[in-house]
Amino acid sequence: MTLPVFLVPALPPGEELVLDGPEGRHAATVRRLRVGEELVLSDGSGMLVRCSVTAVERDALALHVEERWEDPQPAPRVVLAQALVKGDRGELAVELATEAGVDGVVPWRAARCVAKWEDGPRGAKALGRWRSTAREAAKQARRSRVPSVDEPVSTKQLAQRVSSSALTLVLHESAVERLSDVVLPDHGDVLLVVGPEGGITAEELDTLRSSGARVVRLGPTVLRASTAAAVALGAIGVLTSRW
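Here the structure is a predicted model, which means the values were calculated and not measured.

**A few points about the overall build of the protein**
1) Next: Helix and strand counts for the protein come out as six helices and eleven strands.
2) Next: Counting every position in the protein, which comprises 243 residues, the buried fraction comes to 48%.
3) Next: Expressed as a percentage of contacts within the protein between residues at least 6 apart in sequence, the contacts between residues at least 24 apart total 71%.
4) Next: A total of about 12100 Å² of accessible surface is found on the protein, and carbon and sulfur atoms cover 51% of it.
5) Next: Distance from the positive charge centre (30 side chains) to the negative charge centre (32 side chains) of the protein: 5 Å.

**What to know about the sheet that holds strand β4 (residues 47–56)**
1) Next: Here five strands make up an open sheet; going across it, the order is β1-β3-β4-β5-β2 and the pairing mixed. Each having just a single partner strand, β1 (5–7) and β2 (16–19) make up the two edges of the open sheet. When the angles between neighbouring strand axes are averaged without regard to direction, this sheet yields 40 degrees.
2) Next: Alignment of β1 against strand β3 (residues 38–42), held across three bridges, turns out to be parallel. Across the sheet, residue phenylalanine 6 finds its bridge partner in β3, namely leucine 41.
3) Next: Sitting on the sheet, helix α1 (residues 21–30) touches β1, β2, β4 and β5 (61–70), and the angle it makes with β1 is about 155 degrees.

**Some details on the pattern of salt bridges**
1) Next: Tallied over the entire structure, the rule returns 15 salt bridges.
2) Next: Residue arginine 178 is joined to aspartate 181 by a salt bridge in which the shortest nitrogen-to-oxygen separation is 3.1 Å.
3) Next: A single network of salt bridges, built from pairs that share partners, joins Glu23, Glu136 and Lys139.

**Some words on the pairing of strand β10 (residues 189–194)**
1) Next: Most of β10 sits out of view: five of its six residues are buried.
2) Next: Taken together, the six bridges between strand β6 (residues 77–83) and β10 define a ladder with parallel strand orientation. Along β10, the bridge assignment pairs valine 78 with valine 190.
3) Next: The pairing of strand β9 (residues 167–171) with β10 spans four bridges and is classified as parallel. The residue bridging threonine 168 from the neighbouring strand is leucine 191, located in β10.

Reading guide: rules and limits
For every chain, the first residue of the written sequence is number 1, and numbering continues from 1 along that sequence. This being a predicted model, a pLDDT of at least 70 is required before a residue's local features are given, and a value of 80 or more before pairs of side-chain atoms are given or counted; all residues contribute to the totals for chains, interfaces and linings. Derived side-chain values reflect all non-hydrogen atoms in the structure, with water molecules and hydrogen atoms excluded from consideration. Labels follow the DSSP assignment, with helices taken as runs of H or I lasting at least four residues and strands as runs of E lasting at least two, numbered in each case from the N terminus. Think of it in three bands: with a 1.4 Å probe and only protein chains considered, a residue is buried below 20% of the maximum accessible area for its type, exposed above 50%, and partly exposed in between. Throughout, a contact is declared for two residues whenever any of their heavy atoms are within 4.5 Å. Calculation of accessible area relied on Shrake-Rupley with a 1.4 Å probe; when residues are assessed, cover is drawn exclusively from the protein chains displayed. We treat Lys and Arg as the positive residues and Asp and Glu as the negative residues; His and chain ends play no part in the count. Where a charge lies is defined by one atom per residue type, namely NZ (Lys), CZ (Arg), CG (Asp) and CD (Glu). The criterion for strand pairing is that DSSP finds at least two bridges linking the strands in question. Fitting a line to C-alpha atoms yields each axis, with helices limited to the stretch in contact; the angle taken between N-to-C directions then spans 0 to 180 degrees. Think of a salt bridge as a Lys or Arg side-chain nitrogen and an Asp or Glu carboxyl oxygen that are within 4 Å of each other.

The values reported here are purely geometric and, on their own, carry no functional implication.
Structure, rendered in C-alpha cells:
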C-alpha cells in the first residue's frame, strides 16, 4: 500500500520534526502509527517528504525525514467549472473530481441551478464545504496537490475564463462531437464545464461557444451533474500523458 499522506501548511527544512495539531492527532490516535512506521507529509502544492516515526506522543508524532521530492504539475492541467448542485451532490462532485485528478474547481452559478450561493455567510459556508471536501479527498487519494476551489462565477465570468484557457470542453447531451475525437493540448489549462441537473440553457451554450468553447459528449447516456466530471477526467487522463 502507498503511505498515508498528511497535509501541513509548510514543510520544515530540518531532518527532525514534530507532526502535531489536527493531523498529528489523527496520525497518533486514529491511524495509530507506531515507531518505525512511515508516512508522507505534503504542503498541498507538490512538495513531499517521506518520514519515519521516531516517537509517539498523545496527540503528536516525532519524525525523521528520509526523503524529499516534488511532484511535477500535471500537463495539461484540468480545471472544472462545476455548476452548483443542490444538497450534498455538489460536494460529491468535488470529491469524485478530486479523486480523479482535477487541478482546480470553479463553482458556476448557472441559470438553472437550484442551489443559490448568495453573497454573505451562507455562501461562504457552502464554499468552505467544497474546499474542505477537496482537501480531504486529496488526502484520501494520496495526492501531493490539493485542488484550488475558487470563488463562484457567473456565466459572463466563466466565458472570460474560456478565453484564457488552452481548451474549453462543455459537456452536453445535444453535442455531436465526441470528447474522444478532440485533440487535447499538451500544456496549459483544459477547462471542463459541467452544467446543473436542469441542464445548460441555449443562451449559456451560445455564450460559451462564442468565447471559444467546444461542446462535446462522453457517450450515449446522460450522467448526473455530480458524476460527469469524474468520468470526463478519466477519459482525459488516458487521452493525454496525465495518466
